[in-house]
Amino acid sequence: MRSYIDFFIPDAVRQDEDEYRRAFQFTTFSQISLIFFIPNVIKWYKMGFSGLAASIFIVMICVAGISPFILKYTKSLTVMGNFVIAALVWHFSVLPAVTGGILSSSLAWNIVIPVFVATFLGFGSFIFWSSFMFLEILVFLGIHMSGVVLPAITLTPEQVTQTQIANVLGPFLTMVISLVFGEIGLKRALAAQKAEALASLNARKEQETLRRQSDELADRKSVV
């Protein structure tokens, strides 16, 4: 698995340990996302909503198929990451638009996506996508308050339950993955800082020892 993921990570990214870690984790996530995408494509197709099935299928191709090659050939985790987030935002903007707008449970993704961005892409991308998702919520809220009724797909009680469970478990699991990866990154960063501090302390001790030995040798020569 590691060799497969490493195939997509260019040498320029590997030179920075933290960048390499985030690229490896993000690429890994892009591949295991198939576990989420495939059942949802099948679910929406079987429910008779081929438009939503096609939308999430395209997102799946972008995330799992195209994005690793973007990393490989652009040598930029930022470019790859924002491409992935743009694809996800597309689907999770379309989904609430056809499932009740501000009343849709799929809006839970608007909270999760910025957390995911913060874990892998940094503060700048976090601010951009947080603002975008917040604006989207405001738009749906404005539409709702103006009295405009957005289309809502008709679901059986069983399908409603399944959809709500998916819109709870999906964001929850994504949040857990983001937090776990973030914790791993934090621990590695702290370990690296500790190692650097220890190396610096040892270097100072060694310099102090050499200085003391040099002074003692100078004192002996002066006595002689």
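The rules behind the values
Residues numbered from 1 in each chain as written. Predicted model: local features only at pLDDT ≥ 70, side-chain atom pairs only at ≥ 80, totals over all residues. Heavy atoms only, no water. Phe/Tyr/Trp six-rings, centres within 6.5 Å; stacked < 30°, edge-to-face > 60°. Buried < 20%, exposed > 50% of the residue type's maximum accessible area, 1.4 Å probe, protein only. Lys NZ or Arg CZ within 6 Å of the ring centre and 35° of its normal. Core = buried A, V, L, I, M, F, W, Y, C linked by side-chain atoms within 4.5 Å. Helix = DSSP H or I, 4+ residues; strand = E, 2+ residues; numbered from the N terminus. Contact = heavy atoms within 4.5 Å.

Visitor: For the packing of aromatic side chains, give the residues involved together with the corresponding values.
Guide: All told, the structure shown has 13 aromatic pairs when counted by the stated rule. Each ring, one from W44 and one from F49, has its centre 5.9 Å from the other, and the planes form 75 degrees; the classification is edge-to-face. Each member of the pair, W44 together with F49, is buried. Taken together, the ring pairs in this structure connect Y4, F7, F8 and F69 into an aromatic cluster. A cation over a ring is seen here: K72 above F7, with NZ or CZ 4.1 Å from the ring centre.

Visitor: Can you explain the nonpolar core? Please cite residues and give values.
Guide: Judged by nonpolar contacts, the single largest core of 40 residues is most densely connected at I9, I85, L88 and I113. Elements represented by at least two residues in this core include exactly α3 (17-32), α4 (34-46), α5 (50-74), α6 (77-97), α7 (109-120) and α8 (123-145). Discounting residues that sit within four places of it in the chain, L88 has contacts with F37, V59, V63 and I113.

Visitor: Which residues make up the environment of A12, and what values do they have?
Guide: Among the secondary structure elements, A12 is positioned in helix α2 (residues 11-14). Looking at A12, the relative accessible area reads 46%, which means it is partly exposed. Separated by 63 residues in the primary sequence, A12 and K75 place their C-alpha atoms 6.7 Å from one another.

So yeah, pure geometry; function would need other evidence.
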